[in-house]
Amino acid sequence: MGWDRSERSLPSQVEDGIADSGQSRLSQLGYKQELKRDLSVVSNFAFSFSIISVITGVTTLYNSGLTNGGPVVMVYGWLIAGGFSMLVGLSMAEICSSYPTSGGLYYWSAKLAGPSWAPFASWMTGWFNIVGQWAVTTSIDFSLAQMIQVIILLSTGGANGGGYEASKYVVIAFHGGILLMHAILNSLPISVLSFFGQLAAAWNIVGVFVLMILIPLVATERASAKFVFTYFNTDSAEGINSKAYIFVLGLLMSQYTLTGYDASAHMVTRIILLVAFSNKLTAFEICLALLLSVIYLCLARRQKLNQPVSLNLLSQTEETKSADVNGPRGIISAIGISVIVGWGYIIGITFAVTDISYLLSSTNDAGGYAIAEVFYQAFKSRYGSGVGGIICLGVVAVAIFFCGMGSVTSNSRMAYAFSRDGAMPFSPLWHKVNSQEVPINAVWLSAAISFCMALTSLGSLVAFQAMVSIATIGLYIAYALPIFFRVTLARKSFIPGPFNLGRYGILVGWVAVLWVITISVLFSLPVAYPITTETLNYTPVAVGGLLFLAVASWIISARHWFKGPITNIDT
């Protein structure tokens with residue numbers, strides 16, 4: 001298990017004096033280099049960090065965590081989801097090392113399923129992946145629109161002080177404006193986008209550490225360690241009494257946040273545990289913070305690593321140098337560090353939680369947006385004004401914005417790759433790149449579809465939630481399919497790349513597949529009782545609908561003309 005530098009490793013291609021094994025491997029797989037390989041270690045690290053955005057996932061789903069189990073589920077559920085996500089990531093990293101193409105998941109499925117099943121496997125994986133990615137962008141940017149609405153509400157007096165509450169039409173207008181800005185930014189050359197990505201990483205790094213330390217430090221009332229690590233909230237779940245059931249529902253926050261597997265520079269948790277009890281840091285904590293900072297700076301300086309992409313950013317591998325080596329390295333390190341820092345962020349914020357029922361109540365100043373109320377009250381209780389809390393929410397909002405920007409980048413590269421192989425309607429249009437080697441049409445297509453998906457919120461939030469549920473379940477199905485083919489049809493024929501799991505590959509792969517099956521079932525369960533049209537979990541309907549459309553289109557039409565990934569190098 002690990003890095004294989006033997007004769008079986010893929011050769012490097014030297015171009016302009018720079019060895020790039022990823023480009024060489026791409027050529028071997030039958031693809032011509034069309035997207036510019038201009039993402040360095042820092043740039044790819046930046047995209048990875050901004051797309052996973054622990055701040056985004058935890059902050060926007062904190063209500064769900066508090067409602068379904070509270071502190072215990074958030075603290076320990078995060079570690080459970082993180083552990084299994086690491087196993088999924090390890091399997092993905094092994095495959096990524098062998099097939100570093102922009103198509104990522106669907107290309108892997110085609111290669112691993114074998115000639116007979118390749119077209120169908122590629123078709124199903126590709127559509128689950130791309131629709132899931134569009135749903136992720138929809139969810140991220142809609143969360144930002146809601147965050148902006150809450151910031152405006154608190155800035156104008158709060159729900160109890162006559163503050164302005166935006167209508168659903170204003171929120172969807174915010175969403176459209178955010179997507180427009182993301183599309184414009186993603187239309188810029190990759191070198192410019194790289195700068196914004198690095199800015200995003202810096203913002204996320206500073207933001208997550210500032211918030212996890214500042215909020216419990218400022219709060220005049222803090223929860224005890226016993227509350228944070230042992231309290232199980234069963235009072236907020238609607239009609240559900242089983243703790244096991246509640247715990248399962250509470251895992252959604254963790255699993256959604258870890259969907260992208262593309263974080264990178266996350267560190268520490270230990271600082272939070274002590275900061276919550278003291279108004280000053282101990283010498284140990286200061287030393288630890290300095291040590292972690294040095295580690296990060298050292299990683300940032302290792303330019304020769306050219307660190308890469310990870311699951312959501314697998315669609316950017318063709319823009320990454322030596323992606324067959326750096327892709328796996330990025331996936332593995334990103335998941336591990338993300339789990340650690342995410343855990344620290346959850347613990348830090350939860351130390352400022354003292355009244356769960358009030359935080360979830362629509363009668364509070366934030367209108368029931370729990371974490372916004374935590375930030376607001378922390379500053380208001382100490383300084384008599386919640387302005388500091390609003391500024392902290394602004395920090396979160398900017399992080400979410402960068403997260404959405406990276407998501408659109410990922411969407412467009414996947415659309416580019418899928419259309420390159422003729423799988424999408426009007427494929428030649430979406431496959432075009434401009435003079436800056438940016439798939440410009442795919443960028444605007446991704447933004448447009450994400451906006452259309454959000455329009456369902458105008459009719460019903462239930463319908464909207466069903467739509468974006470594909471973000472978690474749909475993407476994980478796309479993750480699991482190539483792994484499943486790896487451990488079954490390609491069990492003996494798989495040729496590993498520089499990174500491989502050795503004899504543990506099959507075992508890790510099966511555990512990963514079983515975990516995806518498990519969460520797909522669990523997240524389809526009802527979230528409230530009694531079951532009505534308003535409380536029914538429509539996730540099975542949304543995911544089942546996507547499955548039906550993909551299979552039906554295959555049977556009716558695609559099986560006659562779609563042959564799976566095609567090469568663009570004459571042989």
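Residues numbered from 1 in each chain as written. Predicted model: local features only at pLDDT ≥ 70, side-chain atom pairs only at ≥ 80, totals over all residues. Heavy atoms only, no water.

Going by the annotation in an unreviewed UniProt entry, the name recorded for the protein chain is Amino-acid permease BAT1, with Vitis vinifera given as the source organism. Under Subcellular location (unreviewed entry), UniProt gives the following word-for-word description of the protein chain: "Membrane". (UniProt positions renumbered as here; feature names shortened; annotations may be inferred.)

**Quick notes on the overall build of the protein chain**
Check the secondary structure of the protein chain and you find 24 helices and four strands. Within the span of the protein chain, comprising 571 residues, buried residues form 60% of the whole. Considering only residue pairs separated by 6 or more positions, the protein chain has 80% of its internal contacts joining residues 24 or more positions apart. Only carbon and sulfur atoms are counted for the fraction: they give 66% of the accessible area of the protein chain, which is about 21300 Å². (Helix = DSSP H or I, 4+ residues; strand = E, 2+ residues; numbered from the N terminus. Buried < 20%, exposed > 50% of the residue type's maximum accessible area, 1.4 Å probe, protein only. Contact = heavy atoms within 4.5 Å. Areas by Shrake-Rupley, 256 points an atom, 1.4 Å probe, with all protein chains shown as cover.)

**Structural notes on the packing of aromatic side chains**
In this structure the tally under the stated criterion is 19 aromatic pairs. Here a set of aromatic residues connected by ring pairs shows up, and it is made of Y106, W117, F120, W123, W127, F418, W554, W561 and F562. Above the plane of the ring of F232 lies K243, whose end atom (NZ or CZ) is 5.4 Å from the centre. (Phe/Tyr/Trp six-rings, centres within 6.5 Å; stacked < 30°, edge-to-face > 60°. Lys NZ or Arg CZ within 6 Å of the ring centre and 35° of its normal.)

**Thoughts on the environment of S143**
Examined against the element boundaries, S143 turns out to sit in helix α7 (residues 118-155). According to the relative accessible area criterion, S143 is buried, its value standing at 13%. A sequence separation of 257 residues divides S143 from I400, and the C-alpha atoms of the two residues are 8.0 Å apart.

**A look at helix α16 (residues 370-383)**
With 14 residues, α16 ought to run about 20 Å at 1.5 Å a step, and its terminal C-alpha atoms sit 20 Å apart, in line with that. Three or more residues of α16 are buried, namely A370, I371, A372, E373, V374, F375, Y376, A378 and F379. (Expected span 1.5 Å × (residues − 1).)

**Overview of the packing of α7 against helix α19 (residues 440-454)**
Axis separation between α7 and α19 bottoms out at 9 Å; the angle between their running directions is 65 degrees. Looking at the two axes, α7 sits roughly perpendicular to α19. Where α7 crosses over α19, the handedness of that crossing is right-handed. Listed contacts from α19 to V131, W134, A135, T137, T138 and F142 of α7 are L445, S446, I449, S450, M453 and A454. Of the residues contributing to the contact of α7 with α19, the split by class is eight nonpolar, four polar and no charged. (Axes fitted to C-alpha atoms, helices over the stretch in contact; angles between N-to-C directions. Parallel < 35°, antiparallel > 145°, perpendicular 65-115°, else oblique. Left-handed = near helix turned anticlockwise from the far one by under 90°. Nonpolar A, V, L, I, M, F, W, Y, C, P; charged D, E, K, R; others polar.)

**Description of the nonpolar core**
Counting residues in each nonpolar core, the largest one holds 152 residues, and the members touching the most others are I215, Y345 and F375. Per element, the largest residue contribution to this core is 18 residues, and it comes from α7. With residues up to four places along the chain from it excluded, the contact list for F375 reads L211, I215, Y345, I349, G389, C392, L393 and V396. One finds A183, V438, V443 and A447 within the second-largest nonpolar core, a separate group that totals five residues. (Core = buried A, V, L, I, M, F, W, Y, C linked by side-chain atoms within 4.5 Å.)

**Concerning the environment of C96**
Looking at the secondary structure, you find C96 in helix α5 (residues 71-98). For the pair formed by C96 and W108, sequence separation is twelve residues and the distance between their alpha carbons is 8.1 Å.

**Digging into unusual backbone geometry**
Each neighbour pair has its own omega, and for Y529 with P530 the value is -5 degrees, a cis peptide bond. Inspection of the secondary structure assignment puts P530 in the loop between α23 (505-522) and α24 (539-556). One non-glycine residue, F426, lies in positive phi territory at about 60 degrees. Note that F426 resides in the loop between α17 (387-420) and α18 (427-430). Assessed through its relative accessible area of 64%, F426 is described here as exposed. Of note, the phi angle at E437 is positive, near 65 degrees, even though the residue is not glycine. Along the chain, the position of E437 falls in the loop between α18 and α19.

**Notes on the pattern of salt bridges**
Tallied over the full model, the rule gives two salt bridges. The partner of R486 in a salt bridge is E94, and the shortest N-O contact between them spans 3.3 Å. Remark: E94 occurs in helix α5 and R486 occurs in helix α22 (residues 473-487); sequence separation between them is 392 residues. This pair shows no difference in class: R486 is buried, exactly as E94 is. Taking the shortest distance from any N to any O, the salt bridge between K380 and D365 comes out at 3.8 Å. Taken together, the residues K380 in helix α16 and D365 in the loop between α15 (356-360) and α16 connect sequence positions 15 residues apart. (Salt bridge = Lys/Arg side-chain N within 4 Å of Asp/Glu carboxyl O.)

**Focus: the packing of α7 against α17**
Following both chains from N to C, one finds α7 and α17 inclined at 160 degrees, their axes separated by 9 Å at the closest point. By the angle between their directions, the pair α7 and α17 is classed as roughly antiparallel. In the packing of α7 onto α17, the handedness of the crossing is left-handed. Of the residues assigned to the contact of α7 with α17, the class counts are 21 nonpolar, eleven polar and one charged.

**Remarks on the confidence of the model for the protein chain**
When pLDDT is low, close inspection of the predicted coordinates is not appropriate. Residues at a pLDDT of 70 or more form 78% of the protein chain, whose mean pLDDT is 79. Per-element confidence in the protein chain ranges from a low mean pLDDT of 25 for helix α12 (residues 270-275) to a high of 96 for helix α8 (residues 168-186). In the model, residues 33-46 has pLDDT below 50 throughout and makes 70 contacts with residues more than four positions away in sequence or in other chains. Contacts from residues 261-313, a stretch scored under 50 in pLDDT, to residues over four places away or in other chains number 147 contacts. (pLDDT = per-residue confidence, 0-100.)

**Here we look at a nonpolar patch on the surface**
On the surface, F484, W510, L514, I517 and V521 cluster together to form a nonpolar patch covering roughly 450 Å² of accessible area. No other element matches the four residues that α23 contributes to the nonpolar patch. Within the element layout of this structure, F484 appears in helix α22. (Patch = residues over 30% accessible without salt bridge, like charges linked within 9 Å, V, L, I, M, F, W, Y side chains within 5 Å.)

**Describing helix α21 (residues 461-468)**
Of the positions making up α21, those classed as buried are V462, F464, A466 and V468. Those residues of α21 that are buried are in contact with α7, α19, α20 (456-459) and α24.

**Thoughts on the side chain of S410**
Note that S410 resides in helix α17. We classify S410 as buried; its relative accessible area is 1%. At a separation of 3.2 Å, a polar atom in the side chain of S410 contacts the side chain of Q133. (Polar contact = N/O pair within 3.5 Å; in protein donor to acceptor, adjacent residues only side chain to side chain.)

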